[in-house]
Amino acid sequence: MKSLKLSTNLLLILSLIFVSLMLAACENASDEEEFEDEIHEEDKEHSEHGDVEKEDAEHAEEDKEDIDKEVSMELVHDPSAFFLHNEKLIAYGSGQLGKPLEGVSIILPSRTYGEYVGVFGDGVPGWTKRVQQWNPTGEFDAPAILDGKFVFYTVYDENENKIQDTIGVTENVGTPENPEWEDLGPIVSSYDEKLTTPRAMDPSVIYDTDGKLYLVFGSHAKGIVITELDPSTKLLKQNPDSHNTLDFPERFIRIAQHMNDEGEESEIEAPYIYKNGEYYYLFTNWGGCCSGVNSTYYITIGRSKNITGPYIDKNGKDLVNGGGDIFLDAEGRYIGPGHAGISKLSGNTFVFTYHFYDGQDKGISKLAARSLSWSNDGWPVLGKHLLDQK
């Protein structure tokens, strides 16, 4: 019976040890559960904090987008020359925010300018939608005005490595304040920006002394070219049904080309021709636009006694060979001046207009107007500013 007692005692001891181990395990399990609860609570807080961070990031991105929109905002961009109507100077500029082409008016006595009735308020011509097949914004660029009622404009679209432009024309058969736009159709088109292709953008129009009508347009691709239009239809004089600038290339005469320091073709656009006295004056833009205060746009000039050239700068260099004098560069808050226009008022009063990026207002594109006179040797000279800027 001695061995049985030992076994019983041993079993009792083992039972006590087992109970102790179970109690310890339970305590550990409880501690682990509390620890896991703490972890879950922290995870929850972290998740909630992460949501807040996500919301903050989203708000920051929204704020950035708002700032970007504000910075890229265009009060006026690529304005045409102005015409006088009911004591107001009126012009049209590039479209934005779904508007095809915007109107702008100047009231010189009050030194103010503001929005005016734009173009195509009742809808754009159908053919323009075929040009803007990738990005159908319905917004057009860089209009020119003729006789206060004909508007020439650029329809542009781009997709990956493809680019196409068309210059069209419309007539206002109503009044400036109550316009009725009648489509006259496309004039010229281009489908790339190779250096051999006159690019159909940034139109300007002018009559010569014989009453012939000319269209000036172009960019770094092939430079600035001039072609004759039919005064009655406002379409091409030669082969008007063939819009491609690569067809019948003899129709297009190159009159300006910008060359960089390496002798390569460089940025040039926004041509504008104005006749004063015996000379035709060709204004163009060199540099880059559309980057707010970082824009490098500036206006150059040359002149010719013949509307089709050659246009020569003050040093006698042909603009086709890279010639061109700087007429207007950045000055103070007026950064990246572009798209020259001249309006003659009563007597010998001239007004020179252009857009600029305001260095004191987040690079917003605005309108400037300055008085203009002519030197004894016939070159234009800029005077004082005529508009107050906010």
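Residues numbered from 1 in each chain as written. Predicted model: local features only at pLDDT ≥ 70, side-chain atom pairs only at ≥ 80, totals over all residues. Heavy atoms only, no water.

Right, let's talk about the overall build of the protein for a bit. Along the backbone of the protein there are two helices and 20 strands. Looking at the protein residue by residue over its 390 residues, the buried ones come to 46%. Taking contacts inside the protein between residues at least 6 apart in sequence as the whole, the part at least 24 apart equals 52%. In the structure as shown, the protein presents an accessible area of about 20,300 Å², 50% of it carried by carbon and sulfur atoms. (Helix = DSSP H or I, 4+ residues; strand = E, 2+ residues; numbered from the N terminus. Buried < 20%, exposed > 50% of the residue type's maximum accessible area, 1.4 Å probe, protein only. Contact = heavy atoms within 4.5 Å. Areas by Shrake-Rupley, 256 points an atom, 1.4 Å probe, with all protein chains shown as cover.)

Quick look at the sheet that holds strand β9 (residues 204-207) now. Strand order in the open sheet formed by four strands is β9-β10-β11-β12, with antiparallel pairing between adjacent strands. Both outer strands of the open sheet, β9 and β12 (253-256), are each paired with one neighbouring strand and no more. Strand-to-strand twist in this sheet, taken as the mean axis angle between neighbours without regard to direction, amounts to 30°. Across four bridges, β9 lies against strand β10 (residues 213-219) in antiparallel orientation. Bridge pairing in β10 places Tyr 207 opposite Leu 213. (Pairing = 2+ DSSP bridges. Axes fitted to C-alpha atoms, helices over the stretch in contact; angles between N-to-C directions.)

Before going further, it helps to spend a moment on the nonpolar core. As a rule of thumb, nonpolar side chains are buried together in soluble globular proteins. Ranked by internal contacts, the top residues of the largest apolar core, which has 22 residues, are Phe 283, Ile 299, Phe 327, Ile 342, Phe 352, Tyr 354 and Leu 372. Among the elements that line this core, the one with the most residues is strand β18 (residues 350-358), at four residues. Once residues within four sequence positions are removed from consideration, Phe 327 is found in contact with Phe 283, Ile 299, Thr 300, Ile 301, Phe 352, Leu 372, Pro 380 and Leu 382. Membership of the second largest hydrophobic core comes to 18 residues, among which are Leu 146, Phe 152, Val 169 and Val 205. (Core = buried A, V, L, I, M, F, W, Y, C linked by side-chain atoms within 4.5 Å.)

Turning next to the sheet that holds strand β15 (residues 298-304). The four strands are arranged β13-β14-β15-β16 in an open sheet whose pairing can be described as antiparallel. In this open sheet, the two strands that pair with only one neighbour each are β13 (268-276) and β16 (325-328). Within the sheet, the average angular offset between the axes of one strand and its neighbour, ignoring direction, is 35°.

It is worth spelling out the layout of surface pockets at this point. Quantified by volume, the largest pocket comes out at close to 860 Å³. Looking at the largest pocket, it is lined by 36 residues, and the ones nearest its centre are Asp 78, Asp 141, Tyr 156, Cys 289 and Cys 290. At four residues, the largest contribution of residues to the lining of the largest pocket is made by strand β6 (residues 150-159). Residue composition of the lining of the largest pocket, grouped by class: nine nonpolar, 14 polar and 13 charged. If you add up the space inside the second largest pocket, you get close to 570 Å³. Around the second largest pocket, the lining is made up of 32 residues, and of these Ala 81, Ile 145, Val 205, Tyr 272 and Ile 342 lie nearest the centre. At the level of secondary structure, the elements contributing two or more residues to the lining of the second largest pocket comprise β1 (83-85), β5 (141-146), β9, β13 and β17 (334-344). For the lining of the second largest pocket, the leading source of residues is β13, giving six residues. Tallied by class, the residues present in the lining of the second largest pocket amount to 23 nonpolar, five polar and four charged. (1 Å grid on protein atoms, 1.4 Å probe; cavity = no way out; pocket = protein on both sides within 12 Å on 5 of 7 lines; lining within 4 Å. Points joined across faces, edges and corners; volume = space filled by probe spheres on them. Nonpolar A, V, L, I, M, F, W, Y, C, P; charged D, E, K, R; others polar.)

The next thing to look at is the pattern of salt bridges. Tallied over the full model, the rule gives 12 salt bridges. Among the salt bridges present, the one from Glu 115 reaches Lys 99, with a minimum N-O distance of 2.8 Å. Here Glu 115, found in strand β4 (residues 112-119), pairs with Lys 99, found in the loop between β2 (88-94) and β3 (101-107); they are 16 residues apart in sequence, far enough to count as distant. Residue class for Glu 115 comes out exposed when judged on its relative accessible area of 61%. Across the salt bridge formed by Arg 111 and Asp 388, the nearest N and O atoms sit 2.9 Å from each other. Within this pair, whereas Arg 111 is found in the loop between β3 and β4, its partner Asp 388 is found in the segment after β20 (380-385), the two being separated by 277 residues in sequence. Arg 111 sits in the partly exposed class, given a relative accessible area of 29%. Note on Asp 388: relative accessible area 46%, which makes it partly exposed. Three or more residues joined by partner-sharing salt bridges are found here, namely Arg 333, Asp 358, Asp 361 and Lys 366. (Salt bridge = Lys/Arg side-chain N within 4 Å of Asp/Glu carboxyl O.)

This part covers the pairing of strand β11 (residues 223-229). When you tally the buried positions in β11, you get six out of seven residues, the bulk of the element. Between the end of β10 and the start of β11, which pair antiparallel, lie three residues, with Lys 222 showing a positive phi angle near 75°. With three bridges joining them, β11 and β12 adopt antiparallel strand pairing. If you follow Ile 224 over to β12, its bridge partner there is Ala 256.

Quick look at the packing of aromatic side chains now. The tally for this structure, following the rule as stated, stands at 20 aromatic pairs. Here the aromatic rings of Tyr 274 and Trp 374 are separated by 6.3 Å at their centres, their planes lie at 15°, and the arrangement is stacked. On the criterion of sequence distance, the pair formed by Tyr 274 in strand β13 and Trp 374 in strand β19 (residues 365-374) is long-range, its members being 100 residues apart. A single burial state applies to Tyr 274 and to Trp 374, both of which are buried. A ring pair is formed by Trp 286 and Tyr 298, whose centres lie 6.0 Å apart and whose planes are at 75°; its orientation type is edge-to-face. Pair noted here: Trp 286 is in strand β14 (residues 279-286) and Tyr 298 is in strand β15, with a separation of 12 residues, a long-range link. For Trp 286, a relative accessible area of 8% translates into the label buried. Classification of Tyr 298 as buried rests on a relative accessible area of 18%. An aromatic cluster is present here, built from Tyr 92, Phe 120, Trp 127, Phe 140, Tyr 153 and Trp 181 joined pairwise through their rings. Over the face of the ring belonging to Phe 150 we find Lys 234, whose NZ or CZ atom lies 4.2 Å from the ring centre. (Phe/Tyr/Trp six-rings, centres within 6.5 Å; stacked < 30°, edge-to-face > 60°. Lys NZ or Arg CZ within 6 Å of the ring centre and 35° of its normal.)

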